[in-house]
Each structure stands twice: as structure tokens, then as C-alpha cells.
Amino acid sequence: MVHWAKNVTELVGRTPLLELKRFAAEEDRSGQPSGVVAKILAKLEMMTPGGSSKDRVALQMVYEAEIQGLLRPGATIIEPTSGNMGISLACIAAARGYHCILTMPDTISLERRLLLQRFGAEIILTPASQGMRGAINKVIELRTTRSNVWYPQQFYNQANPRAHRDGTALEIWEQTAGAVDMAVIGVGTGGTLTGIAEGLRAYKPGIEVVAVEPATCAVLSGGRPGPHRIEGLGSGFIPDTLRVDLIDRVIPVTDHDAVETAIQVMKDEGLSIGISSGAVAWASLQEARKEANRGKVIVTVFPSAAERYLQTILFDDLRAQAR
Ligand code: PMP
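Calculation rules
Residues numbered from 1 in each chain as written. Predicted model: local features only at pLDDT ≥ 70, side-chain atom pairs only at ≥ 80, totals over all residues. Heavy atoms only, no water. UniProt positions renumbered as here; feature names shortened; annotations may be inferred. 1 Å grid on protein atoms, 1.4 Å probe; cavity = no way out; pocket = protein on both sides within 12 Å on 5 of 7 lines; lining within 4 Å. Helix = DSSP H or I, 4+ residues; strand = E, 2+ residues; numbered from the N terminus. Contact = heavy atoms within 4.5 Å. Buried < 20%, exposed > 50% of the residue type's maximum accessible area, 1.4 Å probe, protein only. Pairing = 2+ DSSP bridges. Axes fitted to C-alpha atoms, helices over the stretch in contact; angles between N-to-C directions. Expected span 1.5 Å × (residues − 1). Near = heavy atom within 4 Å. Polar contact = N/O pair within 3.5 Å; in protein donor to acceptor, adjacent residues only side chain to side chain. Areas by Shrake-Rupley, 256 points an atom, 1.4 Å probe, with all protein chains shown as cover. Nonpolar A, V, L, I, M, F, W, Y, C, P; charged D, E, K, R; others polar.

**Quick notes on the UniProt feature "binding site: pyridoxal 5'-phosphate" (unreviewed entry) in the protein**
And step 1. Within this numbering scheme, the UniProt entry marks N84, G188, T189, G190, G191, T192 and S276 as carrying the feature "binding site: pyridoxal 5'-phosphate" (unreviewed entry). In the annotation above, G188 are the residues that line the largest cavity.
And step 2. Within the fold, N84 resides in helix α2 (residues 84–96).
And step 3. Sequence-distant contacts of N84, defined by excluding residues within four places in its chain, comprise S52, K54, R112, S304, R308 and Y309.
And step 4. Relative to the helices and strands, G188 resides in the loop between β7 (182–186) and α6 (191–203).
And step 5. We classify G188 as buried; its relative accessible area is 11%.
And step 6. Those residues in contact with G188 that lie beyond four places of it in its chain are F155, G232, L233, G234, S235 and P239.

**Describing the sheet that holds strand β9 (residues 249–253)**
And step 1. Strand order across the open sheet formed by six strands is β1-β2-β10-β7-β8-β9, with mixed pairing between neighbours. In the strand order of this sheet, the two ends are held by β1 (17–19) and β9, each with one partner. Here the average twist between neighbouring strands, direction ignored, is 25 degrees.
And step 2. Across three bridges, the pairing between β1 and strand β2 (residues 39–44) is antiparallel. Bridge pairing in β2 places L18 opposite A42.

**A few points about helix α1 (residues 54–67)**
And step 1. Between its first and last C-alpha, α1 extends 20 Å over 14 residues, near the 20 Å set by a 1.5 Å rise per residue.
And step 2. Of all 14 residues that make up α1, ten are buried, and the element is covered over most of its length.
And step 3. Those residues of α1 lying buried are K54, D55, R56, V57, A58, L59, M61, V62, E64 and A65.
And step 4. Against the buried residues of α1 lie β2, β3 (76–80), α2, β6 (149–150) and α5 (159–175).
And step 5. Backbone geometry just after α1 places G69 at a positive phi near 80 degrees.

**Quick look at the site of the ligand**
And step 1. The local shell around the ligand holds 16 residues, among which K54, G188, T189, T192 and S276 are the closest.
And step 2. With respect to the ligand, the side chain of K54 contributes an N or O atom lying 2.9 Å from an oxygen atom.
And step 3. Contact distances for the ligand include 2.6 Å between a nitrogen atom and a side-chain N or O atom of S276.
And step 4. Here the ligand loses 94% of its free accessible area of 380 Å² to cover by the protein chains.
And step 5. Residue composition of the shell around the ligand, by class: four nonpolar, ten polar and two charged.

**Let's talk about the UniProt feature "modified residue: N6-(pyridoxal phosphate)lysine" (unreviewed entry) in the protein**
And step 1. In this numbering, the UniProt entry assigns the feature "modified residue: N6-(pyridoxal phosphate)lysine" (unreviewed entry) to K54.
And step 2. Relative to the assigned elements, K54 resides in helix α1.
And step 3. Take K54: its relative accessible area is 15%, and that puts it in the buried class.
And step 4. Leave out the neighbours within four places in its chain, and K54 touches N84, M85, S88, Q154 and T189.

As C-alpha cells, this is what we get:
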């Protein structure tokens, strides 16, 4: 049957699930037991038009706002974000004919800025000294000075977890034919964790849910917010889009372990992944080595690919050598 999409938004979601056979092999290269006793399956969220798990969320927020009449023809979508949400919103705004303004600290990489502009988004830079607060204040100002604007607010909008509950979780359930025992999920807005936990537990209440956060910003573990290099994780507070009551355990991961594991997965699997994917891969491996998890099926989510992090610690060593 001939089939093609008529809008890029039709291509969002339905991402593949990959068993990390070599990264989580039961035997090491020399044939000795590696200590791994469970399977790790990764949901490849980079395989979507906008290149990250945020495509689903951006699209769901846009759909719901259209239905509720909050987002009208000719509207401008405004959001403070320097991350993957900006790219997904810029793509979806372009594909559905909206204008998009993104505000962000001026430390954003030139590469990222140019990409956003190519999608037709307008970029407003705020002083890095004000952090994300500066970008948020700019959006608040724009709301009063511009007409027909819509502010999706990914840290508050419940369409964010819903995108994962009705999409990602359902797909994982179907792709594993219900064999999934545990989900190991990185927390930024918490939308992915909340949606997957709600969705999977509706089918199988005993599913274990493990949250992953940066070790130096381990707020879920009761620590204090602090700087870290795992882009997308660890916002430093507990967002409205995160249901902490769904979490069984929290695993803090260092920047170093996240990066080294991302590099390892790229070499073992030939799969391009970002820093937060490295963090969840590291946490999944800890779970896969526990005797209590023998024979279990662990599902994790890889939010984005390495290409998005060329200017970060993921490539520090190679950039230094290349000079
Ligand atoms: N990793 C990356 C690279 C991300 O962009 C995000 C989303 N900000 C996450 C992880 C965390 O996802 P969530 O916001 O659903 O918690």
C-alpha cells in the first residue's frame, strides 16, 4: 500500500525500540560474565522529525491549545527554552503555520541559534547572568506587548505528560507485548516519567519506575539544586509536570558517567545518543546488574542524538584534538 505523510507532524512518535545487546551483554569481550542479568531496551526518541522526545510534547500542547481555542490562526507561540523544546516548537510552528518566538540566555551555541532561525523562529537573547529567569521574564513581557500569543509552558502544561501517557507508554507496551518490568527515565520537566508511569501502570500496576537525575542537582534525592552538564535533566525544582508519587527509586548520575556511557553506547551499538541518554543508559546498567532484576525487561528512553551536543562536554576531548 502506498503511504506518505502530508504534514511533518504526522511523522511524530512511533519511535523504534532497540535492545542494547552489546552495551548490556551478559558476557564481556573475553567471554566472562559481565554481571548483567536483565535486558535493556531503549526507546529511540531521536528518530522523529525534530530530533527529540520534545516533538511529541510540542505537538500535543499545540493540538490541545487548538482544540481549546487558545491557539488561533496567525498566532505566535512563545516559550523560554534553549533546549530541545525550542527546536520541536519551531518545527511544529513552521509545519502548522504559526509564528514562533523563543527566548533564551545568550550563552546558547551559534549552531543551535542558526538551526532555530532556519525553521523561521525568531530568537530573543537575554543576559546569561539572569539565567532562565531572564528568558522567562522576557516571555512575560511579550505576552503583554504582543497580541494573539500563546505560551505553552512545558513545565506546567499537563499536555506534556499526556503526550507520553497516550503515546510513548502505549508504544512501549505494544512493542514489548507487555513484557516490560521497569522504566528508567531521566527527569527534566518530568513529563516523560509521569506519562510513562501513568500509562504503563494502567496496564501493569507492578511496573517499577526509576527516576534519573544529575548527581550535582539531585533535588529528587533530597539534595540541593546545583550546576551540571546533563542537558535536559535536573531543572533544580520539582515541576508541576512531575508526579513524584509515581517514583520507586531515584538514581543520581555524575556528568562524567553520563558522558562516558554515551560514548560507550555509541561505540557498542553504533547509535548516536546525547548526554542525558548516556545518563539513563548508566542508570539502566546499574539496575541490569542487580540480582533482584534477573530476567527482567528494563525500558529506558533516549531523548536525543549526539549531533545536538557537538559543542558540549560530550566532544571536549575530540574538539581539543581537532584544533
Ligand atoms: N533529555 C533531554 C535531552 C531533554 O531535552 C529532555 C527534555 N527537557 C529530557 C531529557 C527530560 O525529559 P522530561 O522533560 O520529559 O523530563
